[in-house]
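# What the coordinates show
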Amino acid sequence: MIKTRRGLVAAVVTLAGLTLAGVTFFAARQPSSQLNAELAAQVTLILEQASPGEHHAHGHSFDSRVVCAVEPFGTEPRNATSLVEVTWVYARHMCAITGESPDWAASVRASGPIAVKISIPPQVRVPESGAGYPDRVRRLIPQHYHEEAFAEFADDTAIEAARERFALATSTAK
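Residues numbered from 1 in each chain as written. Predicted model: local features only at pLDDT ≥ 70, side-chain atom pairs only at ≥ 80, totals over all residues. Heavy atoms only, no water.

Okay, the overall build of the protein chain next. Across its full length, the protein chain holds 6 helices and 4 strands. Ordered by position from the N terminus, the helices and strands of the protein chain form the series α-α-α-β-β-β-β-α-α-α. Each of the 174 residues in the protein chain was classed as buried or not, and the buried ones make up 33%. Long-range contacts, defined here as pairs at least 24 residues apart, represent 59% of the contacts in the protein chain between residues at least 6 apart. Surface exposure of the protein chain reaches about 11,000 Å², of which carbon and sulfur atoms provide 57%. (Helix = DSSP H or I, 4+ residues; strand = E, 2+ residues; numbered from the N terminus. Buried < 20%, exposed > 50% of the residue type's maximum accessible area, 1.4 Å probe, protein only. Contact = heavy atoms within 4.5 Å. Areas by Shrake-Rupley, 256 points an atom, 1.4 Å probe, with all protein chains shown as cover.)

Here it is, written out as structure tokens:
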């Protein structure tokens with residue numbers, strides 16, 4: 001009976017160790033929430049501080065301020081663990097332009113997947129809208145991120161924060 005208990009204990013310990021190793025490996029392969037927060041802040045800053053000429057190249061023109069929500073879904077290199085390692089960020093974005101309407105829901109907005117090169121100066125690539133848009137997205141975003149590129153925002157936190165900044169920007173512009 002002692003051999004059976006020892007065998008059972010050994011099996012349980014081995015199974016627990018393998019489970020822990022698997023969870024640790026999986027967690028290590030996932031981008032950290034801290035890195036995603038840093039990437040979202042960096043890309044938001046890049047988009048919101050772009051000049052009107054740069055925004056025109058992104059597909060919109062205006063004479064007002066831009067307020068953006070950004071949700072990263074991938075990076076190059078894929079295994080980056082810190083902001084300094086990242087060369088490209090792939091993200092969903094939604095930018096609203098102040099001036100036309102003080103209401104977020106009625107504002108002129110642009111949204112969709114983007115690719116941003118974290119460099120000096122940064123580069124923002126937005127697939128052109130219209131016929132063939134899905135193919136342009138697939139050419140812009142690496143294949144392993146295609147499913148994420150066509151997904152909606154997973155969390156409304158970034159959009160809610162952008163709405164609040166939009167309301168503040170439109171109230172202080174009066």
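All right, on to the state of the cysteines then. By definition, a disulfide is the covalent link that joins the sulfur atoms of two cysteine residues. Enumeration according to the criterion identifies 1 disulfide in this entry. Paired by a disulfide, cysteine 68 and cysteine 95 hold their sulfur atoms 2.0 Å apart. An S-S torsion of about 105 degrees defines the bridge between cysteine 68 and cysteine 95 as right-handed. Taken together, the residues cysteine 68 in strand β1 (residues 66–76) and cysteine 95 in strand β2 (residues 88–97) connect sequence positions 27 residues apart. (Disulfide = S-S within 2.5 Å.)

Turning our eyes to something else, we now look at helix α6 (residues 157–172). Given a rise of 1.5 Å per residue, 16 residues ought to cover 22 Å, and the 23 Å separating the end C-alpha atoms of α6 matches this to within 8%. Along α6, the positions that sit buried rather than exposed are Ile159, Ala162, Phe166, Ala169 and Thr170. Taken around the axis of α6, the buried residues stretch over an arc of 90 degrees, which confines them to a single face. Relative to its buried face, α6 has exposed residues pointing more than 90 degrees away, namely Thr157, Glu164, Leu168 and Thr172. Residues of α6 that are buried make contact with β1 and β2. (Expected span 1.5 Å × (residues − 1). Arc of directions from axis to C-beta.)

What follows concerns the environment of alanine 167. Residue position: alanine 167 is located in helix α6. Here alanine 167 falls in the partly exposed class, since its relative accessible area comes to 42%.

Take the nonpolar core next. What tends to happen in soluble globular proteins is that the nonpolar side chains get buried as a cluster. Ranked by size, the top nonpolar core spans 17 residues in total, and within it Val43, Leu47, Val86, Val89, Ile114 and Val116 carry the most contacts. Elements with a contribution of two residues or more to this core: α2 (33–48), β1, β2 and β3 (108–117). Among the elements that line this core, the one with the most residues is α2, at 5 residues. When near neighbours in sequence (up to four residues on either side) are disregarded, isoleucine 114 contacts Val43, Leu47, Val89, Tyr90, Ala91, His93, Arg125, Val126, Leu140 and Ile141. (Core = buried A, V, L, I, M, F, W, Y, C linked by side-chain atoms within 4.5 Å.)

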